[in-house]
Amino acid sequence: MGQTLTEKILDDHLVEGELETGEEIGIEIDQVLTQDTTGTLVWLQFEALDLNEVQTELAAQYCDHQTYQFDFKNTDDHRFLRSAAGTFGAHFSRPGNGICHNVHKENFAAPGKTMLGSDSHTPTPGGLGELAIGAGGLDVAVAMGGGAYYIEMPEVVEVRLEGELGEWATAKDVILEMLRRLTVKGGVGKIFEYTGPGVETLSVPERTTITNMGTELGATSSIFPTGENTKDYLERLGRGDEYVELSPDEDADYDDRITIDLSEIEPLIAEPSMPDNVVPVREAAGVDVDQVIIGSCTNGAYEDILPAAKMLEGREIDKKTEMIVAPGSKQASEMLAREGWTAEMMAAGVNFSEATCGACIGIGHVPASDSVSLRTFNRNFEGRSGIENDSVYLCSPEVATAAALAGEIVDPRNLAEELGDLEDPGFEMPDEYVGVSGSDLIAPDEAVDDGLVKGPNIGDVPLKDPLDADIEGPALLKMSDNITTDHIIPATQDILMYRSNIPKLSEFTLSRVDESFAQRALDSDGGFLVAGENYGQGSSREHAALCPMYLGVEGVLARSFARIHKANLFNFGLLPLTVDEETYERIEEGDDIAIVDDVAEAVRSGKEEFTVRVNDEWEASAFLDASERERRILADGGKLTHVKQQHDEGGQAPADD
Ligand code: MIC
Ligand code: SF4
């Protein structure tokens, strides 16, 4: 039986295990990506593990999320990151140079490589045949130190693309269609591999929009084969020599298959406040729009902004609508400016932002109360824009620009008919990507700092004690399905500046669900979180496990977990147990929960079924789905303690088995 493309790349990098679905495998990582809001912990943990030099082929530290530096704490973080990258041997991308996924795609992403990144949208370069996976910062630190990355071998699902996109339909609509069909948990434990004749009708930037937002499906990664388009794209970037031809075997055996006929895709939109709340734009038409933003790692590239610029040429946006363009990289900004498009858009009423994540996580351009914002981003979780009860829609640049022109949601096909002279701008790449300012990417051998620079906001990473035999405590909070990491540790400006100061950051834990949570958790001697399906979806931020741990939470009882968050719970020594629907329904906030078994012993010995006793009145089963390696990490009190312990016992850091 032939191999899928995913299997081929994994096979090339396999250091442990077999490529059997559901089995744990260890893979070698070629490239590592970190960004400013997860990177500080990555390097602090790298240091705490006594690692002193990057071992992967390439590591890159980007400063992209909070580049406005509203507070000295952000600037201190950036200064620390520059010094850490220089000290340990990573490339450093200066604040304002662009969003990690965009800048990485332009400069380093390469077919056939593996990458681990401390950001959930790390799979973006799957669009040019790189197998890239998002993970918590500690896993990234270990991989950067030369350790393998361990993962349950995902199911590989073939997404067969047929036909060709019609007028006004875009790559964004393809991934929105996937979300419409599969929902935000439809990709958990899966890698989506795109195949079929439709693939070659999509350019690499279009493919990366799809692989980027595959994250919203909960997928481990998404990947495209390479071909003439990949070669062509790399050549335009000036990196043609990095091209490698990659495709699945003709008789590759997939776990499942989905077929999408591109010619049937129409302009789609995700309504508030979940990326899978997808409907055809025509069904949402007529809603007044207050704000439109083009940008983010999904649709902030040069090729995403150009169609908007063409649509706006010689026109003006509606008087009641504000439109902002936040390019994904400084290179995109510079090219658009040099070609005159920036001036064209400004004349139409657009405001330009620096190249940053910014508004995507509520930093700047926070919508007004009771207003509607249309964004080309990937997430519209409630409150993420910086205001509670927000009304954020997700769509393509074309749909967003049509709304800015009309002042309301409109199917661009209808607007084109109404205006008479508005044409589908299509998709165009520059002949050559030029204008990367060399000084914005600092190579390891150009390091500018003399050792680590730690401002007063940079703290230590707290450690947890090994798992106890007895674990009991109250159900501190009961939550519904699809709780995101934005609920657990929001990323908005007021909170983001404490990412390297865990005691302070912990005060905000779950504040969006219950303001009293952090204090209640601290006052209680231990306790549990109770949640529905897909707990911890969204970001890779390990703070969403570390902060509850710091507050004394010992475990989470959930219907199911999102992949990265579950790995983060193991990494920080929190017990992730699944319960059935009936048990979930029956447990109430405040109930006393005790795990009847000797927990430390049960975890170490491989026990899967645990008994939880509630209020000393009734009992139910809870399940631990963990590999042997995860069990050892959990029992030792988390990965940092575990790896340090092994090191002290004479093992080779950063091995973690
Ligand atoms: C996000 O889109 O939620 C973020 C902010 O990029 C996060 C990373 C973080 O929390 O710092 C992600 O996607 O992993
Ligand atoms: Fe930045 Fe938004 Fe992309 Fe996260 S999803 S990396 S915040 S642009």
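Keep in mind that what you see is a predicted model, and the values were worked out from it rather than measured. (Residues numbered from 1 in each chain as written. Chains lettered and ligands numbered in written order. Predicted model: local features only at pLDDT ≥ 70, side-chain atom pairs only at ≥ 80, totals over all residues. Heavy atoms only, no water.)

### Observations concerning the overall build of the protein
Our working definition: Secondary structure elements are taken from DSSP: a helix is a run of H or I of four residues or more, a strand is a run of E of two residues or more, and numbering for both begins at the N terminus. We compute the radius of gyration from the C-alpha atoms alone; for a globule the expected value is 2.2 Å times N to the 0.38, where N is the number of residues. To sort residues, take the accessible area from a 1.4 Å probe on protein chains only and compare it with the maximum for the residue type: under 20% means buried, over 50% means exposed, and anything in between is partly exposed. Every residue pair with non-hydrogen atoms within 4.5 Å of one another is taken to be in contact.
Tallying secondary structure elements over the protein gives 25 helices and 27 strands in all. Its C-alpha radius of gyration of 24 Å places the protein within 12% of the 26 Å reference for a compact globule of 657 residues. With the C-alpha coordinates of the protein rotated into their principal frame, the extents come out at 75 × 55 × 50 Å. In the protein, which comprises 657 residues, the share counted as buried stands at 65%. Summarising the internal contacts of the protein: among those between residues at least 6 apart in sequence, 77% fall at separations of at least 24.

### Some words on the packing of helix 2 (residues 36-48) against helix 3 (residues 72-88)
Selection criterion: Simply put, an axis is a line fit to the C-alpha atoms, just over the touching stretch for a helix, and the angle between two N-to-C directions goes from 0 to 180 degrees. Working rule for angles: under 35 degrees goes down as roughly parallel, over 145 as roughly antiparallel, 65 to 115 as roughly perpendicular, anything else as oblique. We call a crossing left-handed when the near helix sits turned anticlockwise from the far one by less than a right angle, and right-handed when that turn is clockwise. Ten residues, namely Ala, Val, Leu, Ile, Met, Phe, Trp, Tyr, Cys and Pro, are considered nonpolar, four, namely Asp, Glu, Lys and Arg, are considered charged, and the remaining ones, Gly among them, are considered polar.
The geometry of helix 2 relative to helix 3 is characterised by a closest axis approach of 10 Å and an angle of 45° between their N-to-C directions. Here helix 2 is positioned oblique relative to helix 3, judged by the angle of their axes. Read as a crossing pair, helix 2 and helix 3 show a hand that is left-handed. Judged by residue contacts, Asp-36, Gly-39, Thr-40, Trp-43, Leu-44, Phe-46 and Glu-47 of helix 2 engage Asp-77, His-78, Phe-80, Leu-81, Ala-84, Ala-85 and Phe-88 from helix 3. Taken together, the residues that form the contact of helix 2 with helix 3 break down as eight nonpolar, three polar and three charged.

### Looking at the sheet that holds strand 6 (residues 114-117)
Counted only if it meets this: At least two DSSP bridges between two strands are needed for those strands to be called paired.
One open sheet accounts for six strands, arranged 7-6-3-4-5-20; its pairing is mixed. The sheet terminates laterally at strand 7 (131-134) and strand 20 (441-442), the two strands that pair on one side only.

### Quick word on the packing of helix 11 (residues 302-312) against helix 13 (residues 341-348)
Packing of helix 11 against helix 13 brings their axes to within 9 Å, and their N-to-C directions diverge by 55°. Classified by the interaxial angle, the pair formed by helix 11 and helix 13 is oblique. Judged by the twist between their axes, the crossing of helix 11 over helix 13 is left-handed. Packed against helix 11, whose contacting residues are Ile-305, Leu-306, Ala-309, Lys-310 and Leu-312, the element helix 13 presents Trp-341, Met-345 and Ala-348 at the interface. Within the contact of helix 11 with helix 13, the residues separate by chemical class into seven nonpolar, no polar and one charged.

### With respect to the site of ligand 2
Keep this limit in mind: Nearness is judged by heavy atoms alone; a residue qualifies as near a molecule or strand once a single heavy atom is within 4 Å of it.
Near ligand 2, the surroundings consist of His-65, Ile-99, His-101, Asp-119, His-121, Ser-296, Cys-297, Cys-357, Cys-360, Ile-361, Asn-378 and Arg-384. In terms of residue class, the shell around ligand 2 is made up of five nonpolar, five polar and two charged.

### Quick word on the nonpolar core
Convention followed: The nonpolar core is taken to be a set of buried Ala, Val, Leu, Ile, Met, Phe, Trp, Tyr and Cys residues, with the residues joined through side-chain atoms within 4.5 Å.
Trp-43, Phe-517, Leu-529 and Tyr-535 are the most contacted members of the largest nonpolar core, which totals 81 residues. With six residues, helix 5 (residues 137-144) is the single largest residue contributor to this core. Every residue in contact with Phe-517, bar those within four places of it in the chain, is listed here: Leu-476, Leu-477, Thr-509, Leu-510, Leu-529, Leu-551 and Val-553. With 49 residues, the next largest nonpolar core counts Val-350, Leu-374, Ala-400 and Ala-416 among its residues.

### Let's talk about the site of ligand 1
Basically, it comes down to this: Any N or O atom pair separated by 3.5 Å or less is treated as a polar contact, with the protein-specific requirement of one donor-capable and one acceptor-capable atom, and with residues adjacent in sequence counted only for side-chain atom pairs. Note on areas: these come from Shrake-Rupley sampling with a 1.4 Å probe, and a residue is covered only by the protein chains present in the view.
Thr-37, His-65, Ser-120, Ser-540 and Arg-541 are the nearest of the 14 residues found near ligand 1. A distance of 2.8 Å separates an oxygen atom of ligand 1 from a polar side-chain atom of Arg-499. Contact with the protein chains hides 96% of the accessible area of ligand 1, taken as 340 Å² for the molecule alone. Its residues placed into classes, the shell around ligand 1 shows one nonpolar, eight polar and five charged.

### Some details on unusual backbone geometry
In this structure, Ser-273 follows Pro-272 across a cis peptide bond, with omega equal to -5°. Examined against the element boundaries, Ser-273 turns out to sit in the loop between strand 13 (268-270) and strand 14 (278-280). At Asp-370, a residue that is not glycine, the phi angle is positive and equals roughly 50°. Secondary-structure assignment places Asp-370 in the loop between strand 17 (350-352) and strand 18 (373-375). Judged by its relative accessible area of 79%, Asp-370 is exposed. Even without being a glycine, Asn-482 presents a positive backbone phi close to 55°. Counting through the fold element by element, Asn-482 comes out in the loop between strand 21 (471-478) and helix 16 (485-488). Overall, the relative accessible area of 17% leaves Asn-482 in the buried class.

### A closer look at the pattern of salt bridges
Let me state the cut-off plainly: What makes a salt bridge here is a side-chain nitrogen of Lys or Arg within 4 Å of a carboxyl oxygen of Asp or Glu, nothing more.
Summed over the entire model, instances satisfying the criterion amount to 39 salt bridges. Close ionic contact of Arg-629 with Glu-24 constitutes a salt bridge, the shortest N to O distance being 3.1 Å. One end of the pair, Arg-629, is in helix 24 (residues 628-636); the other, Glu-24, is in strand 2 (residues 24-27), with 605 residues separating them in the sequence. Residue Lys-330 pairs with Asp-440 through a salt bridge whose shortest N-O separation is 2.8 Å. Pair noted here: Lys-330 is in helix 12 (residues 330-338) and Asp-440 is in the loop between helix 15 (412-419) and strand 20, with a separation of 110 residues, a long-range link. In this structure Lys-330 comes out as partly exposed when scored by relative accessible area, which is 34%. Residue class for Asp-440 comes out buried when judged on its relative accessible area of 3%.

### Regarding the sheet that holds strand 10 (residues 190-195)
Across the sheet, which stays open at both edges, the four strands sit in the order 11-10-9-12 with parallel pairing between neighbours. Lying at the two open borders of the sheet, with one neighbouring strand each, are strand 11 (221-223) and strand 12 (256-261). The sheet shows a mean angle of 20° between the axes of neighbouring strands, taken without regard to direction. Relative to strand 12, strand 9 (residues 155-162) is paired through six bridges, and the arrangement is parallel. If you follow Val-157 over to strand 12, its bridge partner there is Asp-256.

### Quick notes on the side chain of His-65
Secondary-structure assignment places His-65 in the loop between strand 4 (58-62) and helix 3. A distance of 3.5 Å separates polar atoms of two side chains, one belonging to His-65 and the other to Gln-35. At 2.7 Å, the side chain of His-65 and the side chain of Asp-64 are in polar contact. Excluding residues that lie within four positions of it along the chain, His-65 makes contacts with Gln-35, Asp-36, Thr-37, Asp-119, Thr-356, Cys-357, Gly-358, Ile-361 and Ile-363.

### As for the side chain of Ser-373
On the secondary structure map, Ser-373 appears in strand 18. Overall, the relative accessible area of 1% leaves Ser-373 in the buried class. A polar atom in the side chain of Ser-373 sits 2.8 Å from the side chain of Arg-375. Apart from residues lying up to four places away in sequence, Ser-373 is in contact with Gln-291, Pro-367, Ser-391, Val-392 and Tyr-393.

Functional significance is not addressed by these values, which are geometric in nature.
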